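Residue strings, one per chain:
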Amino acid sequence: MRAPDDVCAVVLAAGLGTRLRPLTMLRPKALVPVGNQTLLDRTLDRLAEVGLTGPDRAAVNTHWLAGQIAEHVDGRVRLSFEPEPLGTAGALGNLHGWIDGRAVLVLNADAYVVADAPEDLAALLSGWDGERVRMHGVKAGLPDPFGGYNFAGASLLPAADAAALPDKPRELVRTTWRPAEQAGRLDVVPLPGRYLDCGTPADYLDANLDAAGGGNLFGDDVQVTGEAHGSVLGAGSRVHGTVRDCVLWPGATVAPHENLHRVIRVGSDLTVPAPHPVQ
């Protein structure tokens, strides 16, 4: 299905990505590659499935390393630069003139989503009355944030809720989601698929390994003279040693004496470990 004409989309990409450093000292989190495609491009592809494309229908907010995002999108979306981060709600307030009275589909740029069915974002839009706040959710344990679900990276705001957001640092959970929940007008729509927020090296690696599907995923012009097992190998990477359950950024090199496991490799000498969390 296509989004109604009175709905636009905003992708939140202004965060500093502090938990993903040092990777995010090199690229904004929205541009880190997952399965050899940037998170931002994955998000824009999801929006395209419901017809939300072009600078009239889709916007991206920026702050950290904003120039890289501007160069990457190259006019495909409306860009909103924030000299200081405005948070998830302030980002929309800063775009009031562009939103222009429309409802807003808001997506986190760091969300890795693989839909198990064609619905995905269409599930948020289907049957919507334009009055209730909606969000994607995945089943939660404890604590229980939203009626048994954790937020899963996408929410749908009625035009009136979007218009009420301030142009200053604020978060949607306080300005919109909790008030809607208390008023009985929040719907949590189960996400038909898998979701990771890619906020930590471990989650980022796991998203890549999910994209690889248990095998190797090769970018263009990859050379393997050593061994690669269950890894994502970026374009132009070179594996002369051994990698297992790893991510190699484009142009990365693994020397013959190296045996890497559950790490992210950038260039020839930046290695970011991504161990499973201690249970």
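Residues numbered from 1 in each chain as written. Predicted model: local features only at pLDDT ≥ 70, side-chain atom pairs only at ≥ 80, totals over all residues. Heavy atoms only, no water.

Enquirer: Before we go on, may I ask you to explain the sheet that holds strand 17 (residues 242-244) in this structure?
Expert: The strands that make up a sheet are held in pairs by hydrogen bonds between backbone atoms, and each pair lies either parallel or antiparallel. Across the sheet, which stays open at both edges, the 3 strands sit in the order 14-17-20 with parallel pairing between neighbours. Of all the strands in the sheet, just strand 14 (227-229) and strand 20 (259-261) have a single pairing partner and so form its edges. Taken over all neighbouring pairs, the strand axes of this sheet differ in orientation by 5 degrees on average, direction set aside. (Pairing = 2+ DSSP bridges. Helix = DSSP H or I, 4+ residues; strand = E, 2+ residues; numbered from the N terminus. Axes fitted to C-alpha atoms, helices over the stretch in contact; angles between N-to-C directions.)

Enquirer: What is the right way to read the layout of surface pockets from this model?
Expert: Sizing a probe to match a water molecule and rolling it over the atoms shows the empty space that remains. Taken as a whole, the largest pocket holds about 500 Å³ of empty space. What lines the largest pocket is a set of 25 residues, and nearest its centre among them are Gly15, Lys29, Thr88, Asn108 and Asp110. (1 Å grid on protein atoms, 1.4 Å probe; cavity = no way out; pocket = protein on both sides within 12 Å on 5 of 7 lines; lining within 4 Å. Points joined across faces, edges and corners; volume = space filled by probe spheres on them.)

Enquirer: So what exactly am I meant to see when it comes to the sheet that holds strand 6 (residues 103-108) here?
Expert: Judged by pairing direction, the sheet is mixed, and its 7 strands sit side by side in the order 5-4-1-6-9-8-10 without closing on themselves. Strands at the two margins of the open sheet, each flanked by one partner only, are strand 5 (78-81) and strand 10 (186-190). Neighbour-to-neighbour, the strand axes of the sheet open up by a mean angle of 30 degrees, direction not taken into account. Examined bridge by bridge, strand 8 (residues 133-139) and strand 10 share 5 bridges and lie parallel to one another. Note that in strand 10 the partner of glycine 137 across the bridge is proline 190.

Enquirer: Can you walk me through the pattern of salt bridges in this structure?
Expert: Note that side chains of opposite charge can pair when their charged atoms are close. Taken as a whole and assessed by the stated rule, the structure comprises 12 salt bridges. Note that glutamate 181 is salt-bridged to arginine 178, the shortest N-O span being 2.7 Å. Taken together, the positions of glutamate 181 and arginine 178, both in helix 8 (residues 172-182) and 3 residues apart, correspond to about one turn of that helix. Judged by its relative accessible area of 31%, glutamate 181 falls in the partly exposed class. (Salt bridge = Lys/Arg side-chain N within 4 Å of Asp/Glu carboxyl O. Buried < 20%, exposed > 50% of the residue type's maximum accessible area, 1.4 Å probe, protein only.)

Enquirer: I keep staring at the confidence of the model for the protein and nothing clicks. Help me out?
Expert: Atomic detail in the predicted coordinates should be set aside for any region of low pLDDT. Averaged over every residue, the pLDDT of the protein is 92; the share at 70 or more is 97%. Confidence scores differ between elements of the protein, with strand 11 (residues 193-196) showing the lowest mean pLDDT of 87 and strand 18 (residues 247-248) the highest of 98. (pLDDT = per-residue confidence, 0-100.)

Enquirer: Explain the side chain of aspartate 120 here, please?
Expert: Examined against the element boundaries, aspartate 120 turns out to sit in the loop between strand 7 (112-115) and helix 6 (121-125). Among the polar contacts listed, one links the side chain of aspartate 120 to the side chain of arginine 46, at a separation of 2.9 Å. In this structure aspartate 120 touches Arg46, Glu49, Val113, Ala115, His136, Leu191 and Pro192, once residues within four positions along its chain are discounted. (Polar contact = N/O pair within 3.5 Å; in protein donor to acceptor, adjacent residues only side chain to side chain. Contact = heavy atoms within 4.5 Å.)

Enquirer: Please explain helix 3 (residues 66-73) as it appears in this structure.
Expert: An α-helix turns once per 3.6 residues; consequently, residues spaced three or four apart project the same way. Among the residues of helix 3, those classed as buried are Ala66, Ile69 and Val73. Axial view of helix 3: buried residues confined to an arc of 60 degrees, hence all on one face. Every exposed residue of helix 3 that faces more than 90 degrees away from the buried side is listed here: Gly67 and Glu71. Elements that come into contact with the buried residues of helix 3 comprise helix 2 (39-48), strand 4 (58-62) and strand 5. One or two positions beyond helix 3, positive phi appears at aspartate 74, with a value near 50 degrees. (Arc of directions from axis to C-beta.)

Enquirer: It is not clear to me how helix 8 should be interpreted in this structure. Could you clarify?
Expert: All of the buried residues in helix 8 are Leu172, Thr176, Trp177 and Ala180. Relative to the axis of helix 8, the buried residues are bounded by an arc of 80 degrees and lie together on one face. Across from the buried face of helix 8, at angles greater than 90 degrees, the exposed residues are Arg174 and Gln182.

Enquirer: Can you help me understand the packing of aromatic side chains in this one?
Expert: Think of a pair of aromatic rings as described by two things: how far the centres are apart, and how the planes are tilted against each other in angle. Tallied over the full model, the rule gives 2 aromatic pairs. Look at phenylalanine 151 and tryptophan 177: their rings are 4.5 Å apart centre to centre, the planes differ by 40 degrees, and that puts the pair in the tilted class. In this pair, phenylalanine 151 is assigned in strand 9 (residues 149-157) and tryptophan 177 in helix 8, connecting sequence segments 26 residues apart. Of the residues examined, tryptophan 177 reaches a relative accessible area of 9% and is grouped as buried. Here the aromatic cluster, defined as three or more aromatic residues joined through ring pairs, consists of Phe146, Phe151 and Trp177. Lying across the ring of tryptophan 98, arginine 102 places its NZ or CZ 4.8 Å from the centre. (Phe/Tyr/Trp six-rings, centres within 6.5 Å; stacked < 30°, edge-to-face > 60°. Lys NZ or Arg CZ within 6 Å of the ring centre and 35° of its normal.)

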